[in-house]
Amino acid sequence: MFCYGNFYREKETMKMCRVAVIAVFLLGLICPGAIWSMEIALGVVTKPGAAQNVCAEKFRELVGARLPHKVRIYDSGSLGTEAEILKKIQKGSIHMGIITSGPFDRFVPGARVIDYPYLFGNYEQVDRVLEGPMGQKLLRMLEKAGFKGLAFSENGFRHLTNSRRPVHGVEDVAGLKIRVMESDLHRELWRLFGADPIPIGDLKKLIAGLQSKEIDGQENPLSAIWLDDFYKGQRYLSLTGHVYSSHIGVAGLKWFKGLPQKDQKAIVQCMEQAARYQRRWSRDNEAGFLEKIKAAGIIVDEKPDIASFRKKASGIEELGIFQAKDVRKLLLEFKKAVAGTGRK
């Protein structure tokens, strides 16, 4: 069904972005030395207090301190799913987003290497690789799809919850209806695990499905499980850590390149600083999120049979999603970079 409300909201947002660009251009002609300001529209799917918002709010604070611009955060899925936000950034109807790494693989297939199962063994490896040459290479790759990659903030290591039964080994997953992100990699991974993966990008729809038992379970980092209410309607949590999930701060490439050089530099630096701040927040609070989940009555398997999950997950490299030469090459480069940090 066509939604006129969404249509007109998007048209209005695009109109505002165009007016801002024209105003900046005219101001430059009339008053070359004038200080100009604009409102930067940034989209996230999570609600205030959640991981993406922590980064977005810090970014807004930093931009406000360095530039005359204001950042307006559109949160709680008000701009649609993460895939829909990315499409809006491509079209120029919004300027920026902080998006989970998973959905990027539908726009840039090489982006899926970050979410390769059990690629990272700990946070030290994550930081060394994603803040190193390989992380920068992946951010540059996003330009192919019209995105300016800015920095990696954090979702975290993903774990499984469900309402039907304890999951200790991968064989316990068989037949479970598991919500996954709008990502080819995540869909194929849960098929390998034996689940019935159901891609859902709308978080409100996900929560409703979990509570109505239309969906048996979902997989997310502890912060999201707690702060986004994904534990509600669930009974069991298994700390599978099957994928390290990043958030990527991005801007529309065309919009970004149209900014003055000093503003481009400041926006990159502000997002990098906000991402580091958010990663510290995520890790400092991880143990507390687990305790809150336990206190809510969720039965937690803290030491599931990870070897069984690793064995099944290893088959993903032979699937079609990793057969393109450039994607396969990038995966090998990422594996080599991780190995160079000292795997634990």
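Residues numbered from 1 in each chain as written. Predicted model: local features only at pLDDT ≥ 70, side-chain atom pairs only at ≥ 80, totals over all residues. Heavy atoms only, no water.

Caption draft 1: Representation of the pattern of salt bridges in the model. The tally for this structure, following the rule as stated, stands at 26 salt bridges. Two residues, Arg276 and Glu131, come together in a salt bridge whose shortest N-O distance is 3.0 Å. Here Arg276 is found in helix α10 (residues 261-295), whereas its partner Glu131 is found in the loop between α4 (123-130) and α5 (133-141), with 145 residues between them in sequence. Since its relative accessible area comes to 42%, Glu131 is described here as partly exposed. Residue Asp263 pairs with Lys262 through a salt bridge whose shortest N-O separation is 3.0 Å. Look at Lys262 and you get exposed, because its relative accessible area is 59%. (Salt bridge = Lys/Arg side-chain N within 4 Å of Asp/Glu carboxyl O. Helix = DSSP H or I, 4+ residues; strand = E, 2+ residues; numbered from the N terminus. Buried < 20%, exposed > 50% of the residue type's maximum accessible area, 1.4 Å probe, protein only.)

Caption draft 2: Representation of the pairing of strand β5 (residues 159-162). Where burial is concerned, the two faces of β5 agree: the one with His159 and Thr161 and the one with Leu160 and Asn162 are both buried. Relative to strand β8 (residues 217-220), β5 is paired through 4 bridges, and the arrangement is antiparallel. When the bridges of β8 are listed, Leu160 appears paired with Glu219. Summarising the sheet, β5 and strand β9 (residues 236-238) pair through 3 bridges and their orientation is antiparallel. In the strand pairing of β9, Leu160 is matched with Ser238. (Pairing = 2+ DSSP bridges.)

Caption draft 3: Quick look at the pairing of strand β4 (residues 147-157). With respect to burial, β4 is a largely interior element, 10 of its 11 residues being buried. Relative to strand β10 (residues 244-252), β4 runs antiparallel, the two being bridged by 9 bridges. Its bridge partner lying in β10, Lys148 is registered against Ala251.

Caption draft 4: Just the environment of Val327, in detail. Within the secondary structure layout, Val327 lies in helix α12 (residues 325-341). Val327 sits 218 residues away from Pro109 along the chain, and the two C-alpha atoms are 6.8 Å apart. Setting aside anything within four residues of it in sequence, one finds Val327 in contact with Pro109, Gly110, Val113, Ile321 and Phe322. (Contact = heavy atoms within 4.5 Å.)

Caption draft 5: Up close: the sheet that holds strand β2 (residues 70-74). Here we have 5 strands laid out as an open sheet, ordered β2-β1-β3-β10-β4, and mixed in their pairing. Each of the sheet's edge strands pairs with one partner strand only, and the pair in question is β2 and β4. Within this sheet the neighbouring strands show an average axis-to-axis angle of 20°, counted without direction. One ladder, built from 2 bridges, connects strand β1 (residues 39-43) with strand β3 (residues 96-100); its direction is parallel. Looking at the pairing, Gly43 lines up with Gly97 of β3. (Axes fitted to C-alpha atoms, helices over the stretch in contact; angles between N-to-C directions.)

Caption draft 6: Molecular detail of empty space enclosed by the protein. For the structure on display, the rule yields 2 cavities of 30 Å³ or more. Approximately 210 Å³ is the volume attributed to the largest cavity. Along the wall of the largest cavity there are 22 residues; nearest its centre are Val45, Thr46, Thr100, Leu203 and Asn220. Mapped by element, the contributors of at least two residues to the lining of the largest cavity are α2 (51-66) and α8 (222-227). The greatest single-element share of the lining of the largest cavity, amounting to 3 residues, is contributed by α8. Here the lining of the largest cavity is built from residues that sort into 9 nonpolar, 8 polar and 5 charged. Space inside the second largest cavity adds up to approximately 50 Å³. Of all the elements, α10 adds the most residues to the lining of the second largest cavity, at 3 residues. (1 Å grid on protein atoms, 1.4 Å probe; cavity = no way out; pocket = protein on both sides within 12 Å on 5 of 7 lines; lining within 4 Å. Points joined across faces, edges and corners; volume = space filled by probe spheres on them. Nonpolar A, V, L, I, M, F, W, Y, C, P; charged D, E, K, R; others polar.)

Caption draft 7: Structural detail: the sheet that holds strand β11 (residues 299-301). Overall, mixed pairing links the 6 strands, which are arranged β7-β6-β8-β5-β9-β11 in an open sheet. At either margin of the open sheet sits one strand with a lone partner, and together these are β7 (196-199) and β11. Neighbour to neighbour, the strand axes of the sheet diverge by 25° on average, direction disregarded.

Caption draft 8: Region of the structure containing α5. All of the buried residues in α5 are Met134, Gly135, Leu138, Leu139 and Met141. Summarising the axial view, the buried residues of α5 lie within an arc of 155°, below the 170-degree limit, and thus occupy one face. Exposed residues pointing more than 90 degrees away from the buried face of α5 are listed as Pro133 and Arg140. Packed against the buried residues of α5 are α4, β4, β10 and α12. (Arc of directions from axis to C-beta.)

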